[in-house]
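Descriptive structure summary
Here's the letter readout for the chains.
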Amino acid sequence: MSANSKPIGFFDSGLGGLSVLKTARRLLPGENYIYFGDNLNAPYGEKTEEEIKKLTLNACGFLYDKGVKAIVIACNTATSAAVIMMRETYNIPVISMEPAVKPALQGRREGNVLVLATPATVSQARYLGLIERLNAHSEVISVGCGGLVELIEEGHTDEESIHAYLSKRLAFLDGQAIGAVVLGCTHYSFAESAIKSYIDKITHTDCPVFDGRHGTARQLQRVLESQNLLREDSGEGYIQFYASLPGYDISRFEKVYNDFNT
Ligand code: DGL
């Protein structure tokens, strides 16, 4: 098989990265894809950096052994903990996520930027370094949302469940002006409309929502182009889905992927 027709590997702790896969496939429909959700070990966001590194190394190893031409770490938590190590370990391009704080600072309305991400992401050096580089400490409110990934994995993306969660987790905001929301975890894209309606309700505004998946998809395209790795054959490529949880009904990933339309 020529290097160009090899698949692109996508990885997340569960179904969150399917939002990134869908976004990438809209941009690059001719590519072949392999998706691996490590749902046996989810959530990653409440584990230590060392544990996340080990799990990410295993997950990327699974994709590498399948012969992928590039790996997309479709998980902010795994990116924060392990992207540098993955780039040192694998001799293929490794593309990753970044919470969309910069576009949110530029595109916000009046008020601070609210970043929702996993507890691990908001406490790791990579994220703290991003806020530092943007010199945005006083304009960004970072909230580690323990338990939210589990809700979304269980399919509770409806307003009732998400509003009940956020009303507890964000009670401390107490009327502060919020000018933009960043979804800093790829799972949260599946609850975007419920998250937005909650923020709109408490701020009485139409609050813009930012998400890193479009930037990651464009970066994947740029990297494949610059390394002459784009698939040359015409026609739509395939997607294969894998999960680490024994007995998991893999058609659920396919359904979640197909139903994601934002
Ligand atoms: N989708 C992952 C992220 O973007 C969630 C990690 C988790 O399993 O907690 O951070």
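Throughout this description, residue numbers start from 1 for each chain and increase along the sequence as written. Where local features are concerned, this predicted model is filtered to residues with pLDDT of at least 70; where side-chain atom pairs are given and counted, the filter is 80 or more; whole-chain, interface and lining totals use all residues. With hydrogens and water excluded, all non-hydrogen atoms of the structure serve as input to the side-chain values.

**Focus on the overall build of the chain**
In this description a helix means any DSSP run of H or I spanning at least four residues, a strand means any run of E spanning at least two, and both kinds are numbered starting from the N terminus. In terms of regular secondary structure, the chain is built from 11 helices and nine strands. Our radius of gyration is a C-alpha quantity, and the globule rule it is checked against amounts to 2.2 Å times the number of residues to the power 0.38. Against the 2.2 N^0.38 benchmark of 18 Å for 262 residues, the chain shows a C-alpha radius of gyration of 18 Å, consistent with a compact globule. Its C-alpha atoms give the chain principal-axis dimensions of about 60 × 40 × 35 Å. It only takes one pair of heavy atoms within 4.5 Å for two residues to be counted as in contact. Sequence-distant contacts in the chain: of pairs separated by 6 or more residues, those separated by 24 or more amount to 79%. Taken as a whole, the chain presents about 11,500 Å² of accessible surface, with 49% of it coming from carbon and sulfur. Asp and Glu count as negative and Lys and Arg as positive, but His and the ends of the chain are not part of the count. Every charge is mapped onto a representative atom, which is NZ of Lys, CZ of Arg, CG of Asp or CD of Glu. Averaged over its 25 positive side-chain charges, the chain has a centre that lies 4 Å from the centre of its 31 negative ones. Only the protein chains shown count as cover for residues, with accessible areas throughout obtained via the Shrake-Rupley method and a probe of 1.4 Å.

**Focus on the sheet that holds strand E7 (residues 178-183)**
One requirement defines pairing of two strands: DSSP has to find at least two bridges between them. Pairing is parallel across the open sheet formed by four strands, whose spatial order is E6-E5-E7-E8. Either end of the sheet is taken by a strand with one partner, and the two such strands are strand E6 (140-144) and strand E8 (209-211). Strand-to-strand twist of the sheet, defined as the mean angle between neighbouring strand axes without regard to direction, takes the value 25°. Where E7 and E8 come together, three bridges link them in parallel fashion. Its bridge partner lying in E8, Leu183 is registered against Asp211. All axes here are fitted lines through C-alpha atoms, helices being fitted over the stretch that makes contact, and every angle between N-to-C directions spans 0 to 180 degrees. Helix H9 (residues 192-203) contacts strand E5 (112-117), E7 and E8 of the sheet and is inclined by roughly 160° relative to E7.

**A short note on the packing of aromatic side chains**
Here a ring pair, both rings aromatic, is described through the centre-centre distance and the interplanar angle of the planes. Stacked, tilted and edge-to-face are the three classes assigned to paired rings of Phe, Tyr and Trp, where Trp is represented by its six-membered ring and a pair needs centres within 6.5 Å; plane angles under 30 degrees give stacked, over 60 edge-to-face, the rest tilted. Counted according to the given criterion, the structure contains 10 aromatic pairs. Relative to Phe253, the ring of Tyr35 lies with its centre 5.6 Å away and its plane at 90°, an arrangement referred to as edge-to-face. One end of the pair, Tyr35, is in strand E2 (residues 33-37); the other, Phe253, is in helix H11 (residues 251-259), with 218 residues separating them in the sequence. Per residue, the accessibility class of Tyr35 equals that of Phe253, and both read buried. Members of the aromatic cluster, connected to one another through ring pairs, are Tyr35, Phe241, Tyr248, Phe253 and Tyr257. The rule for a charge over a ring is simple: NZ of Lys or CZ of Arg within 6 Å of the ring centre, and within 35 degrees of the ring normal. Positioned above the aromatic ring of Tyr257, the side-chain terminus of Lys22 is 4.8 Å from the ring centre. Burial classes: relative accessible area under 20% of the type maximum marks a residue as buried, over 50% as exposed, and values in between as partly exposed (1.4 Å probe, protein chains only).

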